[in-house]
Number of protein chains: 6
Amino acid sequence: LKLLVVNCNISSAVTEVIVHNAELAARPGTEIIGLKPTWGPESAEGFFESFVSAAAVLDAISTYEGPFDAVVMAGYGEHGREGARQLLEQPVVDITEASAQLACLVAHRFGVATTLTTTIAGIKDSLAIAGLADRCVGVLATDVPVGGIADDEAETVDALASVGAALMMLGADAIVLGCAGFAGLDRMLEARLGVPVFDSVTSAVVVAEALVSLGKRTSKSGPYAAPTRDKEWVGWPVSSGRLVARDEGLGANRP
Amino acid sequence: LKLLVVNCNISSAVTEVIVHNAELAARPGTEIIGLKPTWGPESAEGFFESFVSAAAVLDAISTYEGPFDAVVMAGYGEHGREGARQLLEQPVVDITEASAQLACLVAHRFGVATTLTTTIAGIKDSLAIAGLADRCVGVLATDVPVGGIADDEAETVDALASVGAALMMLGADAIVLGCAGFAGLDRMLEARLGVPVFDSVTSAVVVAEALVSLGKRTSKSGPYAAPTRDKEWVGWPVSSGRLVARDEGLGANRP
Amino acid sequence: LKLLVVNCNISSAVTEVIVHNAELAARPGTEIIGLKPTWGPESAEGFFESFVSAAAVLDAISTYEGPFDAVVMAGYGEHGREGARQLLEQPVVDITEASAQLACLVAHRFGVATTLTTTIAGIKDSLAIAGLADRCVGVLATDVPVGGIADDEAETVDALASVGAALMMLGADAIVLGCAGFAGLDRMLEARLGVPVFDSVTSAVVVAEALVSLGKRTSKSGPYAAPTRDKEWVGWPVSSGRLVARDEGLGANRP
Amino acid sequence: LKLLVVNCNISSAVTEVIVHNAELAARPGTEIIGLKPTWGPESAEGFFESFVSAAAVLDAISTYEGPFDAVVMAGYGEHGREGARQLLEQPVVDITEASAQLACLVAHRFGVATTLTTTIAGIKDSLAIAGLADRCVGVLATDVPVGGIADDEAETVDALASVGAALMMLGADAIVLGCAGFAGLDRMLEARLGVPVFDSVTSAVVVAEALVSLGKRTSKSGPYAAPTRDKEWVGWPVSSGRLVARDEGLGANRP
Amino acid sequence: LKLLVVNCNISSAVTEVIVHNAELAARPGTEIIGLKPTWGPESAEGFFESFVSAAAVLDAISTYEGPFDAVVMAGYGEHGREGARQLLEQPVVDITEASAQLACLVAHRFGVATTLTTTIAGIKDSLAIAGLADRCVGVLATDVPVGGIADDEAETVDALASVGAALMMLGADAIVLGCAGFAGLDRMLEARLGVPVFDSVTSAVVVAEALVSLGKRTSKSGPYAAPTRDKEWVGWPVSSGRLVARDEGLGANRP
Amino acid sequence: LKLLVVNCNISSAVTEVIVHNAELAARPGTEIIGLKPTWGPESAEGFFESFVSAAAVLDAISTYEGPFDAVVMAGYGEHGREGARQLLEQPVVDITEASAQLACLVAHRFGVATTLTTTIAGIKDSLAIAGLADRCVGVLATDVPVGGIADDEAETVDALASVGAALMMLGADAIVLGCAGFAGLDRMLEARLGVPVFDSVTSAVVVAEALVSLGKRTSKSGPYAAPTRDKEWVGWPVSSGRLVARDEGLGANRP
């Protein structure tokens, strides 16, 4: 069983954390294949970066040539999920959805502890579109940026514990860690907070394994039907490097 | 890994179907322990039977003495889910929730094909309380009662295919089979309908395995905290047979 | 006019409070018939106890042999309401629904003051399923258990007044007392808080009288249609004492 | 017990139907006092007429000098309800709210059969603002105008039965008659449709009696607090006839 | 292009403020025609006054004889909007709707700073009915009455700034000034708060100009179809002064 | 006043239609600056294409060097809107939002007539995230692809008229044309359907003019605050052509 675990940014460090924790969570026999976009920002912390990341992730997925059984989209609250489902027949498990789903099975209400306040609006939109907002008591930020999570793990855990406690006062009896980069910190936080804490990446890994073991594939009869193949595209996939530069004329962006 | 799979009715035949299919879906090494209530109706097909079943299932769970790692509550749309979560520290996976969650990962909208029209209102309530109604296009009945599912499998599949097609016209691109007794029919329906079809029991089995492999337990800091132990109870658990009959005085039900 | 007022627990003391206050609220000519389950917990303060109580209440209702014109279900926020509606042709007035309805006629928003925090989730679910959550600003707990309400009435009223004031700060301009055991305390709280305060039991009594005077009966054309009669049941009604003990073989709960 | 039953239009015929049926529904000892506005349209069948009626009804209520214990606002789906609650300390029972509330106690879902399609949007708004839309499956029109209800009662009942049947196909297991002028037709429709049918006026009468018997009054601590008395008004109440005509100068409606 | 800007109260001072600011916001070539009711209260600050104002505004609009291209309804959160749309073929732009719409284009969430707490419930209802509540984080009051806005402008701006800051803490990144009388204060508040601040009147003026320039007219195929002309009315329009006084017999308001 | 009108695809023909109609709708003195992405698909008709377009549009906007006062995002139902708001201080008017807003001012409910069924889910998500779904009765497809709109205008208008009529039967009293490529067809459809029909592009143009004339700018205090500038990016903006090809090493997309 091969899981393609796709980071949403170009950071090798974050990708390594994700892959490492995915491997720890996976069953024996599951191979974790890490993938990251070849272009875009080093972290997605807001709408603009999220939309660019979405395209870069779709590029990475559509140009990946090896075999795989399911995709884990490892950008918490990031865009692109539904696009990947259109591209693929294999299941696409978004870490935002999978972690919220599992939390709802062992708790009455969950809260999300994330990185920066700039990500909150996008996370709420993502949960709402996924139909998973009803049992979420709130999304709060630690003010730890993606790039700073690993700088001082104790400090990061402290910040998550504070935010987790605040979410519990809002009614949460489980916490979801709202960034792929938080992978590996759930156990420490469970010890601190006394409630189930869900890492989003490992949640998605075990859910993806579950879907594959049932033999389920992405539906192709609705909005996830494959895109038409006979459409003209320019400069896509971006990673192919075939994009014609602006001064060669294509960039004449006035009609 | 031991999964306690609890049928919601006293039917041995339905319990056998559930256990058999749970075993087919489970990983090597997962032991399926079938359990059914010792009292109540032979099937739960409406609010009254559902509420009685809920208590009988809670009785069965609370008096089961063997070890287990998670519970699968195998009554589709039936009551009692939150009560079991209060009783146990192990994860309690409701087949209604788990199947809807998985369907949402491979389809944009799902529909539920169930047995009798009398069950529809309870199923909708169950999905709504679980926060999973947003992506459900509808719940439709086949008019096949629980007890009649196995009588003529071809006829049952035909009825499910008709209802599935109707749900697709309402916008579903995945179908959930809304009765534990439909276990084992999903593949045939996928071939007929061309969309992912989820059996609720096997969905819950693989999700329960996923939760156990992550080491998650039911939250005890909110409404699922264990009930107080020092409360007076009469005639409970019912299955203990210790209930004093009405004519012995306890039944003096006028204050 | 005979009203069957059904407590949800086995406590004679609580049943007496309920019946006494129901009698005070009833019109001349209305007879209050108190009923309580013959089995179950002495109070329902959370999901598990609520589900057991639901079955025990349905048992009590279905085995009650005298005539009555309507039922008042006197368990605030407890389960079973829809089951009783299936069983009966007479109106079934849930104290949770009736008190919220009346509050909405004399106030813009109401809040619920209840007993323990463990009951809050179930109360919210009950209001949501009844379609009455929109005008509820919140449900807060006094930390007075059902069994302690009568211990020190002044203390109970103090606790309710504190919670009532908190609910008013959340926007409530009426308070609903969220436990049948609070019956009789509404006037004192009105004097303290200066807003309408609704006791749930007496609310349901006058609403039941209203329904009966209109001659309305429970609809039998939808999900409240009577359960099928030709279904096999075991050990039901529990109160009949006919349950075969586990060691007689029925308890062989493995298929 | 004196109930002020306020028709929303100037039609004596409709007021008589309302009063007659209110009297039939009221308890012995309840006096029905009919009231109608002295200005406005002969029927309110759309937003414009509804807003004018609202002011005319508030005029009639605020200038009524006799004693009363509660008001029944007998304009189905019409505006003004919250204004009357501000004006009065007595309970104000809107027929739209009361009938929906009672229907929800004996049925799982209700539908509204009204007069003209032009009234549907306002009725839906009224139910939504009252927090009672969740259990309403729809509002459908008979195309019988208010003024034509009494012309041919058999035809009116036929039209209501057709619309009622359509609402049942949408999932209603109770019907609310969505016009005060339909008062008296509920029994005939129950016989035709086999489900509970609620006349809105009689529903409000019995609910008003219930509220009065509990001694509840309109909350004055929130948005229903009495309007400030020291504000300048011109031409109000309209019914006093003191309005200065436009050509006397007040009508200089350009600043 | 002629815009009929209709104040909801009889205050000349408020009308002047509205007209003055409308003129400042309008394009060259747009003529602002101020209109105010000839009867009703000097300010609408709660449900009762709002419903009377609604009828008085509809009276003013329906009796205005000059030509105009669109109406701006300049009562924030007041009733009557849908009635005016029935009366007219020209677009009717409610300041509550227009300002919320524009705020949603430059901010993620908005909050409303209004006058008295008594207006809050009506404003929320107005936004909800208009389908614009989802992105509103709250409505808070400054405790500055309509009649006191101009008394000490610095104090009013201070109060609005305090409330604006509170709304920003609730998540608003834009503020709407929730009273027509606040017209002209938006720039000062933008300087104080650092977020876009919308005056409701000028928002509606530019939106009305936009609608007119597109040539759009109010739909007459749904609930805004013109009222039937052949209906009997009494005492309407009120401003005509033709109302027969009560003692002339029409006021016999008992049927 | 300069409006940057950004098509979401690379089609010059569609861009020309958009610019032409924007110019017809704009006030004298407004300059329309057409812009289209230099990469991506020739039309966005589903989730995958929409996400790629979003990034390509953000690229085009961020690299456009001329001055402008507001942006019109001319991709109906497409992603990227919130990203553009983060990038810019000028107002960003999405054609999906603007047309729905204007429709709500002249009609009670609107419906959307779009191109292919594959676009429906994305359009609904876009309206929901914008808080504009409450008054939308539905989104229906004509089965005319973006690229085929201009092939036979009469046929396109016929298809839109059929879909418009279906939406009216669902309760719409205004229609929104759900594709930028439909620009220019609204008048013909108004004549056919007898209800207001909104072209999304021209709606956005006049709304953008309105916002600019008020002097409003995008809020920078919430989730639309400008992205951090000191973050590492690779291969962005894509249109700069500086992307290193995969075989130069950057494409080593395994961590």
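Since this is a predicted model, take the numbers as computed values, not measurements.

Undergrad: Tell me about helix α2 (residues 47-63) of chain D, residues and numbers included.
TA: Taking 1.5 Å per residue as the helical rise, α2 of chain D with its 17 residues ought to reach 24 Å, and the 24 Å between its terminal C-alpha atoms agrees with that figure. In terms of residue burial, α2 of chain D counts as a mostly covered element, since 16 of its 17 residues are buried.

Undergrad: Describe the layout of surface pockets, and please don't skip the residues or the numbers.
TA: Considered as a void within the structure, the second largest pocket measures approximately 510 Å³ in volume. Looking at the second largest pocket, it is lined by 21 residues, and the ones nearest its centre are I120 and K124 of chain A, L170 and G171 of chain E together with P223 of chain F. Secondary-structure elements contributing two or more residues to the lining of the second largest pocket are α5 (120-129) of chain A together with β7 (136-141) and α6 (153-169) of chain E. Per-element tally for the lining of the second largest pocket: the top contributor is α5 of chain A, with 4 residues. Partitioned by chemical class, the residues of the lining of the second largest pocket number 10 nonpolar, 6 polar and 5 charged.

Undergrad: Can you tell me about the relation of the copies chain F and chain A, naming the residues and giving the values?
TA: When chain F is fitted to chain A, the residual RMSD is 0.0 Å, and the transformation amounts to a turn of 180° plus an axial shift of 0.0 Å. As the rotation angle and translation indicate, the two copies are arranged about a two-fold axis. Within chain F, A55 of chain F has its C-alpha nearest the rotation axis, a separation of 3.1 Å.

Undergrad: How would you sum up the confidence of the model for chain A? Please name residues and give values.
TA: Here chain A averages 93 in pLDDT, and 94% of its residues register 70 or above. Every residue in residues 243-255 of chain A is under pLDDT 50, and counting partners more than four places away or in other chains gives 24 contacts.

Undergrad: Talk me through the sheet that holds strand β7 (residues 136-141) of chain A; I want residue IDs and the actual numbers.
TA: Residue and element names in this part refer to chain A. Pairing is parallel in the open sheet, where 4 strands are placed in the order β7-β6-β8-β9. Strands with a single pairing partner mark the edges of an open sheet, and in this sheet they are β7 and β9 (197-199). Within this sheet the neighbouring strands show an average axis-to-axis angle of 20°, counted without direction. As paired strands, strand β6 (residues 110-114) and β7 are joined by 5 bridges and run parallel to one another. Among the inter-strand pairings, T114 is bridged to a residue of β7, identified as A141. Strands β6 and β7 of the sheet are contacted by α5, whose axis makes an angle of about 155° with β7. Across the face of the sheet, helix α6 (residues 153-169) comes into contact with β6, β7 and β8 (174-177) while running at roughly 150° to β7.

Undergrad: Pulling in residues and values, what's your account of a negative patch on the surface?
TA: Residues and elements named next belong to chain A. Together, D151, D152, E153 and E155 line one region of the surface with negative charge. Within the secondary structure, E155 is located in helix α6. Given a relative accessible area of 53%, E155 falls into the exposed group.

Undergrad: Please provide a residue-by-residue account of the interface of chain F and chain A, values included.
TA: Contact residues are listed per partner, giving 55 residues for chain F and 57 residues for chain A. Overall, the association of chain F and chain A removes approximately 5300 Å² of surface from exposure, summing both partners, and the carbon and sulfur fraction of that is 66%. The interface formed by chain F and chain A holds 4 salt bridges in total. The salt bridge involving E45 of chain A is made with K231 of chain F; its shortest N-O contact spans 2.7 Å. Scanning the region where chain F abuts chain A turns up 14 residue pairs in polar contact (both at pLDDT 80 or more). It is helix α2 (residues 47-63) of chain F that contributes the most residues to the side of chain F that touches chain A, 9 residues altogether. For the side of chain F that touches chain A, the per-class residue count stands at 28 nonpolar, 15 polar and 12 charged.

Undergrad: Any details on the pairing of strand β1 (residues 2-7) of chain D? Residues and values, ideally.
TA: All names here are of chain D. Of all 6 residues that make up β1, 5 are buried, and the element is covered over most of its length. As judged from the 5 bridges shared by β1 and strand β2 (residues 31-35), these two strands associate in the parallel manner. Residue pairing across strands places L3 opposite I32, the latter belonging to β2. Since β1 and β2 lie parallel, the crossover through helix α1 (residues 12-25) that links them has a hand, and here it is right-handed.

Undergrad: Pulling in residues and values, what's your account of the sheet that holds strand β2 (residues 31-35) of chain E?
TA: Pairing between the strands of a sheet is mediated by backbone hydrogen bonds and can be parallel or antiparallel. All names here are of chain E. Overall, parallel pairing links the 4 strands, which are arranged β2-β1-β4-β5 in an open sheet. The strands lining the two open edges of the sheet, one partner per strand, are β2 and β5 (92-94). Within the sheet, the average angular offset between the axes of one strand and its neighbour, ignoring direction, is 25°. Each of β4 (70-74) and β5 is contacted by helix α4 (residues 95-106), which is oriented at about 70° to β5, the strand it contacts most.

Undergrad: Any details on unusual backbone geometry? Residues and values, ideally.
TA: Cis geometry is found at the peptide bond from W236 of chain C to P237 of chain C, where omega equals 0°. Residue D143 of chain F is not a glycine yet carries a positive backbone phi of 70°. With respect to the element layout, D143 of chain F can be found in the loop between β7 (136-141) and α6 (153-169).

Undergrad: So what's going on with the packing of aromatic side chains? Which residues, and what values?
TA: Any two aromatic rings considered together are summarised by their centre-to-centre distance and by the angle between their planes. As enumerated under the stated definition, the model contains 39 aromatic pairs over all chains in all. Each ring, one from Y224 of chain A and one from F47 of chain F, has its centre 6.2 Å from the other, and the planes form 45°; the classification is tilted. You can see Y224 of chain A sitting in the loop between α8 (200-214) and β10 (233-234) and its partner F47 of chain F sitting in helix α2, one on each of two chains. F47 of chain F matches Y224 of chain A in its accessibility class, with the two residues each being buried. Ring centres of W39 of chain D and W39 of chain E lie 5.9 Å apart, and the angle between their planes is 85°; this geometry places the pair in the edge-to-face category. Residue W39 of chain D is located in the loop between β2 and β3 (40-41), and its partner W39 of chain E is located in the loop between β2 and β3 (40-41); the two belong to separate chains. There is no split in this pair, since W39 of chain D and W39 of chain E are both buried.

The rules behind each value
- Residues numbered from 1 in each chain as written.
- Chains lettered and ligands numbered in written order.
- Predicted model: local features only at pLDDT ≥ 70, side-chain atom pairs only at ≥ 80, totals over all residues.
- Heavy atoms only, no water.
- Helix = DSSP H or I, 4+ residues; strand = E, 2+ residues; numbered from the N terminus.
- Expected span 1.5 Å × (residues − 1).
- Buried < 20%, exposed > 50% of the residue type's maximum accessible area, 1.4 Å probe, protein only.
- 1 Å grid on protein atoms, 1.4 Å probe; cavity = no way out; pocket = protein on both sides within 12 Å on 5 of 7 lines; lining within 4 Å.
- Points joined across faces, edges and corners; volume = space filled by probe spheres on them.
- Nonpolar A, V, L, I, M, F, W, Y, C, P; charged D, E, K, R; others polar.
- Least-squares fit on C-alpha atoms with pLDDT ≥ 70 in both.
- pLDDT = per-residue confidence, 0-100.
- Contact = heavy atoms within 4.5 Å.
- Pairing = 2+ DSSP bridges.
- Axes fitted to C-alpha atoms, helices over the stretch in contact; angles between N-to-C directions.
- Patch = residues over 30% accessible without salt bridge, like charges linked within 9 Å, V, L, I, M, F, W, Y side chains within 5 Å.
- Areas by Shrake-Rupley, 256 points an atom, 1.4 Å probe, with all protein chains shown as cover.
- Salt bridge = Lys/Arg side-chain N within 4 Å of Asp/Glu carboxyl O.
- Lys, Arg positive; Asp, Glu negative; His and termini not counted.
- Charge placed at Lys NZ, Arg CZ, Asp CG, Glu CD.
- Buried area = accessible area lost by both parts, 1.4 Å probe.
- Polar contact = N/O pair within 3.5 Å; in protein donor to acceptor, adjacent residues only side chain to side chain.
- Right-handed = clockwise from strand over helix to strand, strands pointing away.
- Phe/Tyr/Trp six-rings, centres within 6.5 Å; stacked < 30°, edge-to-face > 60°.

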